[in-house]
Amino acid sequence: PSEVAQVAKVSFFNGNTLLFEDTDLSDGASFVYENIPAGTFTLRAQAFNASGSTLLAEDEVEITIRALPRASINLPTQGGQYVEGDPVSVRVEATDQDGTIERVELYIPVPRELIATLTSPTHQNIFEYEWGGLAPGVYKMYAQAFDDDGASVITDTVEFQVLDRPRVVLTSPKATDEFAEGDT
(Lines give C-alpha, C1' and ligand atoms only; values in the text may rest on other atoms or scores of the structure.)
Protein backbone atom coordinates (compact mmCIF):
# COMPACT_ATOMS: atom_id res chain seq x y z
CA PRO A 1 0.00 0.00 0.00
CA SER A 2 1.19 3.50 -0.80
CA GLU A 3 1.46 6.12 1.92
CA VAL A 4 -0.46 9.37 1.74
CA ALA A 5 1.86 12.37 1.70
CA GLN A 6 1.79 14.44 4.88
CA VAL A 7 0.33 17.91 4.38
CA ALA A 8 2.24 20.56 6.36
CA LYS A 9 0.52 23.73 5.21
CA VAL A 10 -2.41 24.89 3.12
CA SER A 11 -2.24 28.24 1.33
CA PHE A 12 -5.40 30.13 0.36
CA PHE A 13 -5.41 32.56 -2.57
CA ASN A 14 -7.71 35.03 -4.29
CA GLY A 15 -6.42 34.71 -7.84
CA ASN A 16 -2.65 34.91 -7.30
CA THR A 17 -2.86 36.95 -4.09
CA LEU A 18 -2.03 34.97 -0.96
CA LEU A 19 -4.79 35.44 1.64
CA PHE A 20 -3.77 33.08 4.43
CA GLU A 21 -1.52 30.11 5.22
CA ASP A 22 -2.76 27.50 7.68
CA THR A 23 -0.07 25.39 9.36
CA ASP A 24 -2.19 24.19 12.29
CA LEU A 25 -3.94 21.38 10.47
CA SER A 26 -5.09 19.48 13.57
CA ASP A 27 -8.72 20.16 12.69
CA GLY A 28 -8.30 20.54 8.93
CA ALA A 29 -7.41 23.66 6.99
CA SER A 30 -9.66 26.69 6.97
CA PHE A 31 -9.85 30.44 7.30
CA VAL A 32 -12.57 33.08 7.35
CA TYR A 33 -12.46 35.52 4.44
CA GLU A 34 -14.06 38.73 5.78
CA ASN A 35 -15.09 42.06 4.30
CA ILE A 36 -15.13 40.82 0.74
CA PRO A 37 -16.18 43.56 -1.66
CA ALA A 38 -18.80 42.93 -4.33
CA GLY A 39 -17.45 41.15 -7.40
CA THR A 40 -16.39 37.80 -8.81
CA PHE A 41 -13.38 36.04 -7.31
CA THR A 42 -11.40 32.88 -7.95
CA LEU A 43 -10.49 31.29 -4.61
CA ARG A 44 -7.80 28.62 -4.59
CA ALA A 45 -6.34 26.32 -1.93
CA GLN A 46 -2.98 24.59 -2.28
CA ALA A 47 -1.63 21.88 0.03
CA PHE A 48 2.17 21.57 0.46
CA ASN A 49 4.53 19.06 2.07
CA ALA A 50 6.79 19.88 5.03
CA SER A 51 9.54 21.35 2.86
CA GLY A 52 6.98 23.55 1.13
CA SER A 53 8.47 22.62 -2.21
CA THR A 54 5.99 20.00 -3.36
CA LEU A 55 2.41 20.84 -4.25
CA LEU A 56 0.36 17.90 -3.07
CA ALA A 57 -3.13 19.05 -4.00
CA GLU A 58 -4.97 22.08 -5.33
CA ASP A 59 -8.60 23.10 -5.66
CA GLU A 60 -10.26 26.21 -7.07
CA VAL A 61 -13.74 27.72 -6.93
CA GLU A 62 -15.23 30.88 -8.45
CA ILE A 63 -17.58 32.89 -6.24
CA THR A 64 -19.69 35.97 -6.82
CA ILE A 65 -20.39 38.43 -4.02
CA ARG A 66 -23.48 40.47 -4.75
CA ALA A 67 -23.54 44.12 -3.69
CA LEU A 68 -25.85 45.10 -0.87
CA PRO A 69 -28.37 47.82 -1.63
CA ARG A 70 -27.77 51.29 -0.22
CA ALA A 71 -30.46 53.47 1.33
CA SER A 72 -30.82 56.71 3.25
CA ILE A 73 -33.72 58.79 4.56
CA ASN A 74 -33.64 62.30 3.08
CA LEU A 75 -36.95 63.37 4.66
CA PRO A 76 -37.99 63.81 7.41
CA THR A 77 -34.79 65.45 8.58
CA GLN A 78 -33.08 64.46 11.82
CA GLY A 79 -34.57 66.69 14.55
CA GLY A 80 -37.12 68.16 12.15
CA GLN A 81 -40.29 69.77 13.45
CA TYR A 82 -43.69 69.43 11.82
CA VAL A 83 -47.13 70.76 12.70
CA GLU A 84 -50.05 68.59 13.80
CA GLY A 85 -52.45 67.99 10.94
CA ASP A 86 -49.83 68.44 8.21
CA PRO A 87 -48.57 65.22 6.64
CA VAL A 88 -44.89 64.42 7.16
CA SER A 89 -43.17 63.84 3.82
CA VAL A 90 -40.97 60.74 3.85
CA ARG A 91 -38.33 60.45 1.14
CA VAL A 92 -35.93 57.49 0.91
CA GLU A 93 -33.19 57.19 -1.67
CA ALA A 94 -32.39 53.53 -2.41
CA THR A 95 -29.98 52.09 -4.99
CA ASP A 96 -28.54 48.72 -5.95
CA GLN A 97 -25.37 48.71 -8.06
CA ASP A 98 -25.91 45.20 -9.43
CA GLY A 99 -29.69 45.03 -9.71
CA THR A 100 -32.87 46.84 -8.76
CA ILE A 101 -34.68 47.85 -5.59
CA GLU A 102 -37.80 45.71 -5.17
CA ARG A 103 -39.32 47.59 -2.25
CA VAL A 104 -38.70 49.94 0.65
CA GLU A 105 -40.43 49.36 3.98
CA LEU A 106 -40.87 52.14 6.54
CA TYR A 107 -40.89 51.24 10.25
CA ILE A 108 -41.35 52.67 13.72
CA PRO A 109 -38.57 50.93 15.68
CA VAL A 110 -40.06 50.29 19.15
CA PRO A 111 -42.25 48.37 19.10
CA ARG A 112 -41.36 47.47 15.52
CA GLU A 113 -44.34 48.50 13.44
CA LEU A 114 -44.62 48.65 9.65
CA ILE A 115 -45.78 52.11 8.49
CA ALA A 116 -45.80 51.51 4.73
CA THR A 117 -44.40 49.39 1.90
CA LEU A 118 -43.24 51.33 -1.15
CA THR A 119 -42.74 49.39 -4.39
CA SER A 120 -42.39 52.09 -7.03
CA PRO A 121 -39.96 54.99 -7.00
CA THR A 122 -41.57 58.37 -7.69
CA HIS A 123 -38.32 59.59 -9.28
CA GLN A 124 -35.13 57.73 -10.13
CA ASN A 125 -34.13 55.87 -6.92
CA ILE A 126 -36.48 58.00 -4.75
CA PHE A 127 -39.34 56.39 -2.82
CA GLU A 128 -41.85 58.80 -1.25
CA TYR A 129 -44.68 58.56 1.25
CA GLU A 130 -46.95 61.11 2.94
CA TRP A 131 -47.40 60.10 6.59
CA GLY A 132 -50.55 61.78 7.87
CA GLY A 133 -52.64 61.76 11.03
CA LEU A 134 -49.75 62.09 13.46
CA ALA A 135 -50.61 63.40 16.91
CA PRO A 136 -48.20 65.77 18.65
CA GLY A 137 -45.15 63.95 19.99
CA VAL A 138 -41.67 62.65 19.17
CA TYR A 139 -41.40 60.01 16.44
CA LYS A 140 -38.60 57.72 15.30
CA MET A 141 -38.52 55.84 12.02
CA TYR A 142 -36.17 53.90 9.75
CA ALA A 143 -36.37 52.34 6.31
CA GLN A 144 -35.35 48.91 5.04
CA ALA A 145 -34.59 48.56 1.32
CA PHE A 146 -34.73 45.16 -0.41
CA ASP A 147 -33.03 44.38 -3.73
CA ASP A 148 -33.94 41.85 -6.42
CA ASP A 149 -31.59 39.26 -4.83
CA GLY A 150 -33.41 39.41 -1.48
CA ALA A 151 -30.58 41.32 0.22
CA SER A 152 -31.57 44.26 2.39
CA VAL A 153 -30.10 47.20 4.23
CA ILE A 154 -31.50 49.25 7.12
CA THR A 155 -31.06 53.02 7.25
CA ASP A 156 -30.11 55.03 10.30
CA THR A 157 -33.07 55.93 12.50
CA VAL A 158 -34.44 59.45 12.10
CA GLU A 159 -36.14 61.26 14.98
CA PHE A 160 -38.54 64.16 14.44
CA GLN A 161 -41.24 65.99 16.35
CA VAL A 162 -44.86 66.82 15.59
CA LEU A 163 -45.86 70.01 17.39
CA ASP A 164 -49.33 71.13 18.51
CA ARG A 165 -51.01 73.26 15.88
CA PRO A 166 -50.98 76.86 17.14
CA ARG A 167 -54.38 78.02 18.33
CA VAL A 168 -55.67 81.57 17.94
CA VAL A 169 -58.40 82.81 20.23
CA LEU A 170 -59.79 86.27 19.59
CA THR A 171 -60.70 87.79 22.97
CA SER A 172 -61.64 91.25 21.80
CA PRO A 173 -63.89 92.28 20.29
CA LYS A 174 -66.51 89.78 21.33
CA ALA A 175 -69.01 88.45 18.84
CA THR A 176 -71.78 90.44 20.56
CA ASP A 177 -69.93 93.79 20.49
CA GLU A 178 -71.32 96.47 18.21
CA PHE A 179 -69.46 99.39 16.72
CA ALA A 180 -70.42 102.52 14.93
CA GLU A 181 -68.84 103.49 11.68
CA GLY A 182 -65.50 105.19 12.33
CA ASP A 183 -64.97 103.58 15.81
CA THR A 184 -61.49 102.24 16.52
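Up top is the structure these notes are about.
Cut-offs used in this document
Residues numbered from 1 in each chain as written. Predicted model: local features only at pLDDT ≥ 70, side-chain atom pairs only at ≥ 80, totals over all residues. Heavy atoms only, no water. Helix = DSSP H or I, 4+ residues; strand = E, 2+ residues; numbered from the N terminus. Buried < 20%, exposed > 50% of the residue type's maximum accessible area, 1.4 Å probe, protein only. Contact = heavy atoms within 4.5 Å. Phe/Tyr/Trp six-rings, centres within 6.5 Å; stacked < 30°, edge-to-face > 60°. 1 Å grid on protein atoms, 1.4 Å probe; cavity = no way out; pocket = protein on both sides within 12 Å on 5 of 7 lines; lining within 4 Å. Points joined across faces, edges and corners; volume = space filled by probe spheres on them. Nonpolar A, V, L, I, M, F, W, Y, C, P; charged D, E, K, R; others polar. Salt bridge = Lys/Arg side-chain N within 4 Å of Asp/Glu carboxyl O.

Novice: Describe the environment of G85, and please don't skip the residues or the numbers.
Specialist: Locating G85 in the fold gives a position in the loop between β6 (81–83) and β7 (88–95). Residue G85 is classed as exposed on the basis of its relative accessible area, which comes to 61%. Here the alpha-carbon distance between G85 and D156, two residues 71 residues apart in the chain, equals 26 Å. With residues up to four places along the chain from it excluded, the contact list for G85 reads L134 and R165.

Novice: Let's hear about the packing of aromatic side chains: which residues, and what values?
Specialist: Centre-to-centre distance and the angle between the planes together describe a pair of aromatic rings. Enumeration according to the criterion identifies 8 aromatic pairs in this entry. Measuring from centroid to centroid gives 5.7 Å for Y82 and F160, while their planes differ by 90°, and the two rings are edge-to-face. Placement of the pair is Y82 in strand β6 and F160 in strand β13 (residues 158–163), with a sequence separation of 78 residues. Of the two residues, Y82 and F160, neither departs from the other in class, the shared state being buried. Aromatic pair Y107 and Y142: ring centres 5.4 Å apart, planes at 20°, arrangement stacked.

Novice: So what's going on with unusual backbone geometry? Which residues, and what values?
Specialist: Note the cis peptide between L75 and P76, where omega equals 0°. Positionally, P76 belongs in the loop between β5 (70–75) and β6. Here N35, not a glycine, exhibits a phi torsion of approximately 55°, which is positive. Along the polypeptide, N35 turns up in the loop between β2 (17–22) and β3 (39–48).

Novice: Tell me what's going on with the environment of G99, and back it up with residues and numbers.
Specialist: Position of G99 relative to the elements: it lies in the loop between β7 and β8 (101–108). Placed 32 residues apart in sequence, G99 and A67 show a C-alpha to C-alpha distance of 8.7 Å.

Novice: Give a detailed account of the layout of surface pockets, specifying residues and quantitative values.
Specialist: Of the volumes computed, that of the largest pocket is approximately 160 Å³. Per-class residue counts for the lining of the largest pocket are 7 nonpolar, 2 polar and 3 charged.

Novice: Give a detailed account of the pattern of salt bridges, specifying residues and quantitative values.
Specialist: Any two side chains of opposite charge can pair, on the condition that their charged atoms come close. A complete count under the given rule lists 9 salt bridges for this structure. Across the pair R103 and E105 runs a salt bridge, and its minimum N-O distance is 2.9 Å. Taken together, the shared-partner salt bridges connect R66, D98 and D149 into one network.

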